[in-house]
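# A closer look at the structure
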Amino acid sequence: MLEWKPEYNLGIASIDAQHRKLFDYVNTLEDAMRKGEGRQVLDKILSSVAAYTREHFGNEEQLMKRTGYAELLPHKAAHDAFAKQVQEFQRKHQAGEVGITVELVASLGDWVRNHVLGMDRKYAPHLRAHGIG
């Protein structure tokens, strides 16, 4: 299970709330897997994560663009790559591939830890300096 820790807070309330939502998706899926119900909730989680990527990434990118964040393009490229990965998980699920649940949990967990603590942590001071918090 992913545990929300203080270092995940960026100090931007709307973005922190959205990140917590992704934690919830990962933990819901992992909990369902432990109960042997991972396949049953996978479709809903994949749909939710796909919608999350559109909403959350769009929000972050809009804030970066509005404030002139210099690293917008590489950040957007990372978002686009993750969104494609989610789409590939959806394709695999629809094709009935077995084992996707474990792969998805690992992928989402890695994304959260690496992206939030890496790339997102870099833009947070810039946004806060522009009055976004």
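So, here is what we can say about the structure in this document. Keep in mind it's a predicted model, so treat the numbers as computed, not measured. (Residues numbered from 1 in each chain as written. Predicted model: local features only at pLDDT ≥ 70, side-chain atom pairs only at ≥ 80, totals over all residues. Heavy atoms only, no water.)

## Topic: the pattern of salt bridges
Tallied over the full model, the rule gives seven salt bridges. Asp31 is the partner of Lys35 in a salt bridge, and the nearest nitrogen-oxygen pair spans 3.1 Å. For Lys35, a relative accessible area of 54% translates into the label exposed. Each member of the salt-bridge network shares a partner with another, and the members are Glu88, Arg91 and Glu97. (Salt bridge = Lys/Arg side-chain N within 4 Å of Asp/Glu carboxyl O. Buried < 20%, exposed > 50% of the residue type's maximum accessible area, 1.4 Å probe, protein only.)

## Section: the nonpolar core
Core analysis: the largest hydrophobic core is formed by 26 residues, its most contacted members being Leu22, Val49, Leu104, Leu108 and Trp111. If you look at the next biggest cluster of nonpolar residues, it comprises 11 residues, including Ile12, Ile15, Met64 and Tyr69. (Core = buried A, V, L, I, M, F, W, Y, C linked by side-chain atoms within 4.5 Å.)

## Comments concerning helix α3 (residues 72-94)
The end-to-end C-alpha separation of α3 is 33 Å, in line with the 33 Å expected for 23 residues at 1.5 Å each. Turning to α3, its buried residues number three or more, namely Leu72, His75, Ala78, His79, Phe82, Val86, Phe89, Lys92 and His93. In this structure, the buried side of α3 is in contact with α2 (38-67) and α4 (100-129). Once α3 ends, the next one or two residues include Gly96, with phi positive near 80°. (Helix = DSSP H or I, 4+ residues; strand = E, 2+ residues; numbered from the N terminus. Expected span 1.5 Å × (residues − 1). Contact = heavy atoms within 4.5 Å.)

## Regarding the packing of helix α1 (residues 13-34) against α4
At their nearest, the axes of α1 and α4 sit 10 Å apart, and the two run at 165° to each other. Regarding the angle of α1 to α4, the classification is roughly antiparallel. The element α1 and its partner α4 pack so that their crossing is left-handed. From α1, Ile15, His19, Leu22, Phe23, Val26, Leu29, Glu30 and Met33 reach across to α4, where they touch Thr101, Val102, Leu104, Val105, Leu108, Gly109, Trp111, Val112, Val116, Asp120, Tyr123 and Leu127. Among the residues forming the contact of α1 with α4, the class breakdown is 15 nonpolar, three polar and two charged. (Axes fitted to C-alpha atoms, helices over the stretch in contact; angles between N-to-C directions. Parallel < 35°, antiparallel > 145°, perpendicular 65-115°, else oblique. Left-handed = near helix turned anticlockwise from the far one by under 90°. Nonpolar A, V, L, I, M, F, W, Y, C, P; charged D, E, K, R; others polar.)

## Considering the packing of aromatic side chains
Evaluated as defined, the whole model comprises nine aromatic pairs. Both rings, one in Phe82 and one in Trp111, keep their centres 4.2 Å apart while their planes meet at 15°; by these two values the pair is stacked. Taken together, the residues span a long stretch of sequence, with Phe82 in helix α3 and Trp111 in helix α4 at a distance of 29 residues. Trp111 shares its class with Phe82; the two are buried. Taken together through their ring pairs, the aromatic side chains of Tyr25, Tyr52, Phe57, Phe82 and Trp111 make up a single cluster. (Phe/Tyr/Trp six-rings, centres within 6.5 Å; stacked < 30°, edge-to-face > 60°.)

## Quick notes on the side chain of Gln18
Tracing the backbone shows Gln18 in helix α1. Those residues in contact with Gln18 that lie beyond four places of it in its chain are Tyr52, Glu55, His56 and Asn59.

## Quick notes on the packing of α2 against α3
Interhelical geometry of α2 versus α3 gives an angle of 165° and a closest axis separation of 10 Å. Between α2 and α3, the interaxial angle falls into the category roughly antiparallel. Considering the relative orientation of α2 and α3, their crossing is left-handed. For the contact of α2 with α3, a count of residues per class yields 11 nonpolar, six polar and six charged.

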